[in-house]
Amino acid sequence: MWCGRLAWLFKRPCQLSGSTRHRSLWLARDRRTVPAAAARWHHTAPESLKCAWQLHGDHLELRYADTLMRFDFVWLRDHCRSASCYNAKTNQRSLDTASVDLGIKPKAVRVDETTLFLTWPDGHVTRYGLEWLVKNSYEGQKQQVMHPRILWNAEIYRQAQVPSVDCRSFLETDEGLKEFLQNFLLYGIAFVENVTPTKEDTEILAERISLIRETIYGRMWYFTSDFSRGDTAYTKLALDRHTDTTYFQEPCGIQVFHCLKHEGTGGRTLLVDGFYAAEQVLRQAPDQFELLSKVPLKHEYVENVGDCHNHMIGVGPVLNVYPWNNELYLIRYNNYDRAVINTVPYDVVHRWYAAHRTLTAELRRPENELWVKLKPGKALFIDNWRVLHGREAFTGYRQLCGCYLTRDDVLNTARLLGLQA
């Protein structure tokens with residue numbers, strides 16, 4: 001997949017202009033030549049404007065709810081929800097997709113005010129609700145947002161006065177848990193107050209919403225400036241904004257921090273909404289946003305300290321977007337761990353450096369920096385696919401504990417509570 005993208009990218013200078021350009025390209029690719037003789041609209045009722053359709057050589061064109069949709073005939077057969085094709089109890093497909101004739105065409109088509117009926121050559125009948133088709137069509141999906149969010153800088157976040165959730169409410173009530181998850185989904189960060197400052201209690205907190213992801217750092221970890229790992233984080237030095245585990249093929253989704261003790265000065269935590277910064281780049285320099293979402297980079301972690309021997313490599317662009325609606329879903333930004341750039345030619349590298357500089361400037365704007373002093377009893381959850389974190393240098397003894405959570409489980413918990421995730 002990357003080879004195809006890069007081959008296209010390297011053939012010409014990057015001239016695409018953000019989401020509008022993204023969508024126009026995809027729409028152009030989806031258009032198919034329609035024979036003039038086939039261009040006859042059928043309406044669900046005389047002079048009906050709500051729904052109309054027409055058949056073409058290889059697809060059905062349907063206009064409903066102000067959306068013009070095109071459905072490939074194989075797609076329409078493959079997604080049949082009849083009892084013989086789909087198991088409603090397990091929500092799994094029963095139909096063998098590979099058995100569907102790639103040249104299949106419906107024998108008959110009928111549409112009423114709510115439903116599309118297709119009769120296939122073997123007599124099988126498929127029914128689709130029109131609302132379901134709008135929701136699940138490519139044209140409908142590209143107008144939808146997968147993950148609703150509120151982008152923020154420091155002032156926006158402070159003015160929102162996002163409340164922390166009390167530990168007991170978080171652990172014992174669905175209302176408290178739902179409030180926490182809603183805050184987390186919208187802003188990419190959320191706090192729980194009045195947590196007993198121990199690793200064991202922090203673990204109980206984390207397990208309320210997810211399985212804990214065990215990594216090369218263990219399951220639950222203590223975090224001090226003891227140089228016990230080959231990482232700058234295990235020092236008293238300041239850390240610039242970054243996302244964690246960029247050197248994993250799939251970076252960890254959520255990070256939990258809980259400061260158990262700090263006897264000294266400094267050590268504030270820095271938080272920056274990476275999606276907010278990326279949005280500024282998209283508006284000001286859409287060609288650079290496009291480049292950051294296309295060029296794959298390697299990130300690397302090499303460690304040989306004590307009994308810890310690791311060599312991790314993760315590959316991916318800085319900005320990761322859903323191709324159908326240009327929605328950003330993951331930022332992979334860590335200047336400490338970025339490996340040698342050897343996956344692109346020199347002229348693309350130079351343009352990439354310019355784009356990286358633009359994004360970095362946005363991430364480093366003082367107005368985008370939210371500084372938080374972590375203290376015992378206050379646990380912080382960070383969306384590591386969105387929000388960058390760092391810290392200022394500190395003195396004295398500072399001990400944190402924390403863990404990584406599996407993103408799928410957090411989103412699963414949110415959906416079970418009725419949230420869009």
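Residues numbered from 1 in each chain as written. Predicted model: local features only at pLDDT ≥ 70, side-chain atom pairs only at ≥ 80, totals over all residues. Heavy atoms only, no water.

In the nomenclature of an unreviewed UniProt entry, the chain is known as Trimethyllysine dioxygenase, mitochondrial of Charadrius vociferus. In the Catalytic activity (unreviewed entry) part of its UniProt record, the chain is described as follows: "N(6),N(6),N(6)-trimethyl-L-lysine + 2-oxoglutarate + O2 = (3S)-3-hydroxy-N(6),N(6),N(6)-trimethyl-L-lysine + succinate + CO2". You can read under Subcellular location (unreviewed entry) in the UniProt record for the chain the words "Mitochondrion matrix". (UniProt positions renumbered as here; feature names shortened; annotations may be inferred.)

Caption draft 1: Just the pairing of strand 17 (residues 297-305), in detail. Alignment of strand 17 against strand 18 (residues 308-316), held across nine bridges, turns out to be antiparallel. Within strand 18, the residue paired with Asn304 across the bridge is His309. Between strand 17 and the antiparallel strand that follows it, strand 18, lie two residues; Gly306 among them carries a positive phi value of about 60 degrees. (Pairing = 2+ DSSP bridges. Helix = DSSP H or I, 4+ residues; strand = E, 2+ residues; numbered from the N terminus.)

Caption draft 2: Molecular detail of the sheet that holds strand 14 (residues 239-242). Strand order in the open sheet formed by four strands is 14-23-16-21, with antiparallel pairing between adjacent strands. In the strand order of this sheet, the two ends are held by strand 14 and strand 21 (370-372), each with one partner. Sheet twist, expressed as the mean angle between neighbouring strand axes with direction ignored, is 20 degrees. For strand 16 (residues 269-273) and strand 21, the ladder comprises three bridges, and the chain directions are antiparallel. (Axes fitted to C-alpha atoms, helices over the stretch in contact; angles between N-to-C directions.)

Caption draft 3: Expanded view of the nonpolar core. Ranked by internal contacts, the top residues of the largest apolar core, which has 28 residues, are Phe180, Leu181, Ile209, Phe381 and Leu405. Of all the elements in the fold, those that place two or more residues in this core are helix 7 (167-172), helix 8 (174-187), strand 11 (189-193), helix 9 (199-207), strand 15 (254-263), strand 22 (379-383), strand 24 (397-405) and helix 13 (407-416). Counting residues per element, this core draws most heavily on helix 8, at five residues. For Phe180, the residues in contact, after removing those within four places along its chain, are Val165, Phe170, Ala190, Phe191, Val192, Ile209 and Phe381. Phe275, Leu291, Val321 and Ala355 belong to the second largest nonpolar core, which has 27 residues in total. (Core = buried A, V, L, I, M, F, W, Y, C linked by side-chain atoms within 4.5 Å. Buried < 20%, exposed > 50% of the residue type's maximum accessible area, 1.4 Å probe, protein only. Contact = heavy atoms within 4.5 Å.)

Caption draft 4: Representation of the packing of aromatic side chains in the model. Across all of its chains, the model carries 19 aromatic pairs by this definition. Ring geometry for Tyr247 versus Phe248: centroids 5.4 Å apart, planes at 80 degrees, classification edge-to-face. Judged by its relative accessible area of 6%, Phe248 is buried. With a centroid separation of 4.9 Å and 20 degrees between ring planes, the pair formed by Tyr322 and Trp324 is classed as stacked. Cluster of aromatic residues (ring-pair linked, three or more members): Phe71, Trp75, Tyr128 and Trp132. Lying over the aromatic face of Tyr86, Arg81 brings its terminal NZ or CZ to 4.0 Å of the ring centre. The side chain of Arg398 reaches across the aromatic face of Phe394, ending 5.2 Å from its centre. (Phe/Tyr/Trp six-rings, centres within 6.5 Å; stacked < 30°, edge-to-face > 60°. Lys NZ or Arg CZ within 6 Å of the ring centre and 35° of its normal.)

Caption draft 5: Main features of unusual backbone geometry. With a phi close to 65 degrees, Asp66 is a non-glycine residue in the positive phi region. For Asp66, the position within the fold is in the loop between strand 3 (59-64) and strand 4 (67-72). Here Asp66 falls in the exposed class, since its relative accessible area comes to 85%. Of note in the backbone geometry, Asn91 takes a positive phi value of approximately 60 degrees without being a glycine. Within the fold, Asn91 resides in the loop between strand 5 (86-87) and strand 6 (92-93).

Caption draft 6: Spatial organisation of the packing of helix 10 (residues 274-284) against helix 11 (residues 286-294). Two elements in contact, helix 10 and helix 11, have axes separated by 5 Å at closest approach and are oriented at 125 degrees. With respect to their mutual orientation, helix 10 and helix 11 come out oblique. Two secondary-structure elements touch here, helix 10 through Ala278, Val281, Leu282, Arg283 and Gln284 and helix 11 through Pro286, Gln288 and Phe289. Among the residues making up the contact of helix 10 with helix 11, the classes are represented as five nonpolar, two polar and one charged. (Parallel < 35°, antiparallel > 145°, perpendicular 65-115°, else oblique. Nonpolar A, V, L, I, M, F, W, Y, C, P; charged D, E, K, R; others polar.)

Caption draft 7: Geometry of empty space enclosed by the protein. Evaluation of the coordinates by the stated rule reveals five cavities of 30 Å³ or more. Considered as a void within the structure, the largest cavity measures approximately 110 Å³ in volume. Along its surface, the largest cavity is lined by His147, Pro148, Arg149, Phe184, Leu185, Gly188, Asp383, Arg386, Arg407, Leu411, Gln420 and Ala421. For the lining of the largest cavity, the secondary structure elements donating two or more residues are helix 8 and helix 13. Grouping the constituent residues of the lining of the largest cavity by class yields five nonpolar, three polar and four charged. For the second largest cavity, the calculated volume is near 40 Å³. Around the second largest cavity, the lining residues are Leu297, His299, Val318, Arg332, Tyr333, Asn334, Asn335, Arg338, Trp352 and His356. (1 Å grid on protein atoms, 1.4 Å probe; cavity = no way out; pocket = protein on both sides within 12 Å on 5 of 7 lines; lining within 4 Å. Points joined across faces, edges and corners; volume = space filled by probe spheres on them.)

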